[in-house]
Amino acid sequence: MTPEDFKNIISLAIDREVEAYSFYRGVSDKVKDANLKKLFNELAGEETKHREFLQGVLAKGTSHMNFNPHADYKVADALPTPKLTPEMKPLEGIVIAIKKELEAMQMYTQLANASTDNDQKKMFKELALMEQGHKTRLEDIYTNMAFPESW
């Protein structure tokens, strides 16, 4: 991976964190349920922290990053996902949010696997775990909304 490739991937990750933040804030403003409002506000806050962290990584430059130059990171595999908008139906929005969290988790996992530096590998694994936590929370909400219990 070239330094320019790394910058492009981290910049894309920052853009996705900003997009996720905007989506979660928009949904939070629309939902009436206090628990959902709280969840989406928390997710928005976490996406802000991810963005700030990644901006710090980008600001450090690429001289400290170590990747296998022949690895296929498959970052582009996640690009065709539609844009998140607060205007969609809640269940549709949650499905897309789950997909976005999955894509972020996979991207960070791929970057961790491609890293040759242990600290760098750990950093990307931790980001992947955070995104996995978001995905799990959203999947719980989805299953409760899509398959409500009935008596």
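Residues numbered from 1 in each chain as written. Predicted model: local features only at pLDDT ≥ 70, side-chain atom pairs only at ≥ 80, totals over all residues. Heavy atoms only, no water.

Draft legend 1. Molecular detail of the overall build of the protein chain. Within the protein chain, the regular secondary structure consists of 4 helices and 0 strands. In sequence order, the secondary structure elements of the protein chain are arranged as α-α-α-α. Counting over 151 residues, the protein chain shows a buried share of 40%. Counted over contacts in the protein chain with a minimum sequence separation of 6, partners at least 24 positions apart contribute 77%. Total accessible area computed for the protein chain in this model is approximately 8800 Å², and 54% of it derives from carbon and sulfur atoms. (Helix = DSSP H or I, 4+ residues; strand = E, 2+ residues; numbered from the N terminus. Buried < 20%, exposed > 50% of the residue type's maximum accessible area, 1.4 Å probe, protein only. Contact = heavy atoms within 4.5 Å. Areas by Shrake-Rupley, 256 points an atom, 1.4 Å probe, with all protein chains shown as cover.)

Draft legend 2. Main features of helix H2 (residues 34-59). The end-to-end C-alpha distance of H2 is 37 Å, a good match for the 38 Å that 26 residues give at a rise of 1.5 Å each. Residues Leu 39, Phe 40, Leu 43, Ala 44, Glu 47, Thr 48, His 50, Leu 54 and Val 57 constitute the buried set of H2. On its buried face, H2 sits against helix H1 (3-30), helix H3 (90-114) and helix H4 (118-146). Where H2 starts, the residue carrying a side-chain oxygen 3.0 Å from the main-chain nitrogen of Asn 35 turns out to be Asp 33. (Expected span 1.5 Å × (residues − 1). Polar contact = N/O pair within 3.5 Å; in protein donor to acceptor, adjacent residues only side chain to side chain.)

Draft legend 3. Examining the packing of aromatic side chains more closely. In the structure shown here, the tally under the stated rule is 3 aromatic pairs. Grouped by ring-pair contacts, the aromatic residues Phe 23, Tyr 24 and Phe 40 constitute a single cluster. (Phe/Tyr/Trp six-rings, centres within 6.5 Å; stacked < 30°, edge-to-face > 60°.)

Draft legend 4. Up close: H4. Spanning 29 residues, H4 covers 41 Å between terminal C-alpha atoms, matching the ideal 42 Å at 1.5 Å per step. For H4, every residue scored as buried is listed here: Gln 120, Met 123, Phe 124, Leu 127, Ala 128, Glu 131, His 134, Lys 135, Leu 138 and Ile 141. Buried residues in H4 make contact with H1, H2 and H3. Structurally, the start of H4 carries an N-cap: the backbone nitrogen of Asp 119 is 3.2 Å from a side-chain oxygen of Asp 117.

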